[in-house]
Amino acid sequence: DNQTLGRIAGGVDGVYTGGSIASTIINDGAVYGFGYTGILTHGAGSVTNSGSVSGQSFGILFSNDPGTVVNTGTISSSAVYPANGSAFFSAGVQLADGGVVTNSAGGVIRSEWMGVQIGSATTSVGGTVVNQGTILAADGRGDGAGVWIHGLGAITNAVGGLVSGGAFGIVAYYQTTVVNRGTVFGTEYAFDAVNPGFADRIIDLPGGVFSGVVNGGNTLGSAIYSTLELASGSSTGTIVNIGTFTDFGRIALDAGATWSVGGGFAAGETVAFGGTHADLILASPSAASGAIMAGFIATDTIALAGVTDVTKLTFDGDTLVVSESSGRGLELKFAAPVDLTYNVVGDATDITAFRNRLLFGKA
């Protein structure tokens, strides 16, 4: 228990523990490890930090057993990339044998290479990350990540949370679920599923932002597919360009959810309406022709933003053609026959399922 005014410093490690009994480390002051780690634990245990922990290569490292880290302060690695480009390893927090990292509001975990690393290149173990603060990889060379998991993963990025890397926000090698209400940023990938064959799931809530490509890892048509779930919330969710979400076989729109989606869908991508009052606003209607709408029922709505001069709807069993006064407008494909009607409302055309008949002209 290192209290508020306490200072612990070591030439190699600030705090080093091992053995078969789990360690409990509480830090409200400052811990420094100038040669390797701020806190190195060779056994199981927990670290609760509200002060500062800093190491050369790792802020906190659990090397042999699962660990638990709860942070409201600052955990950092001071290492920088070598000028000669040689192999480099550093992390704010590394749980080599899995565990849980909770970074609360105001907490900062940072490093040049990895913010939080769970598992290793040779060890596949799962872990959980819950973030409401900042997890950062400065990533001066372009191969690091805010969060890197080499096993089954569960990541929750809460309101106000930032997971940021240079090239990568989150890197996942095995089946991973990400729940995002904050911001996940990467100059190349906000999320990268490295290995195909795992049913990854991205759950985006209104207010959640992915900046960078979000790679689901499984090509369209694969037996195992990844899912982008657009969850319900108290406001309308927004995706500016759905084209930045790649290799997701299924886009699930939850019951009660309202989402505005721009950009072009991939050919054959399924948009699955998950229940009543699921509303999809197509901000770029003409670019939506590649998607297949499934589960569309009464009370659900597809709004075509900016399409206000509709003259006719025609439906041949699976393809809806929306004609405008200027000519043939756009097409929407449906997975199953559905009776439709439309209504021009403000600056959009709303399409809904309607009993057992297809209405032509304004409803």
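Look above for the structure.
Numbers given to residues run from 1 along each chain, matching the order in which its sequence is written. Two thresholds apply to this predicted model, a pLDDT of at least 70 for residue-level local features and 80 or more for giving and counting side-chain atom pairs, whereas whole-chain, interface and lining totals are computed over all residues. Hydrogen atoms and water are omitted, and side-chain values are computed over all heavy atoms in the structure.

**What about the pattern of salt bridges?**
Defined as follows: For this analysis, a salt bridge means a side-chain nitrogen from Lys or Arg found within 4 Å of a carboxyl oxygen belonging to Asp or Glu. Counting from the N terminus, the helices are DSSP H or I runs at least four residues long and the strands are E runs at least two residues long. Burial status follows relative accessibility: with a 1.4 Å probe on protein chains alone, a residue under 20% of its type maximum counts as buried, one over 50% as exposed, and anything between as partly exposed.
Under the definition given, this model contains 1 salt bridge. With a closest N to O distance of 2.9 Å, R201 and E229 form a salt bridge. One end of the pair, R201, is in strand β23 (residues 201–204); the other, E229, is in strand β25 (residues 227–230), and 28 residues separate them in sequence. A relative accessible area of 13% means that E229 is categorised as buried.

**Notes on the pairing of strand β16 (residues 134–137)**
As a reminder, the rule being used: A pair of strands is treated as paired once DSSP finds two or more bridges between them.
Side chains I135 and A137 of β16 all project onto a buried face; the interleaved residues T134 and L136 project onto a face where none is buried. Bridge count for strand β13 (residues 108–111) against β16 is 4 bridges, and the pairing is parallel. Bridge assignment links R110 to a residue of β16, and that residue is L136. The sheet contact formed by β16 and strand β19 (residues 162–164) spans 3 bridges and is parallel. Residue pairing for β19: L136 is matched across the bridge by S164.

**Observations concerning unusual backbone geometry**
The backbone of D247 shows a phi angle near 60°, a positive value even though the residue is not glycine. Position of D247 among the secondary structure elements: in the loop between β27 (245–246) and β28 (250–253). A positive phi angle, near 85°, is found at T299, a position not held by glycine. Looking at the element boundaries, T299 is found in the loop between β32 (292–294) and β33 (301–305).

**Re the pairing of strand β9 (residues 67–71)**
Burial along β9 is one-sided: G67, V69 and N71 are buried, while T68 and V70, pointing the other way, are not. Here 5 bridges tie strand β6 (residues 45–49) to β9, and the two strands are oriented parallel to one another. By the bridge assignment, G45 is partnered in β9 with G67. As paired strands, β9 and strand β12 (residues 99–103) are joined by 5 bridges and run parallel to one another. Looking across to β12, one finds that T68 is bridged to V100.

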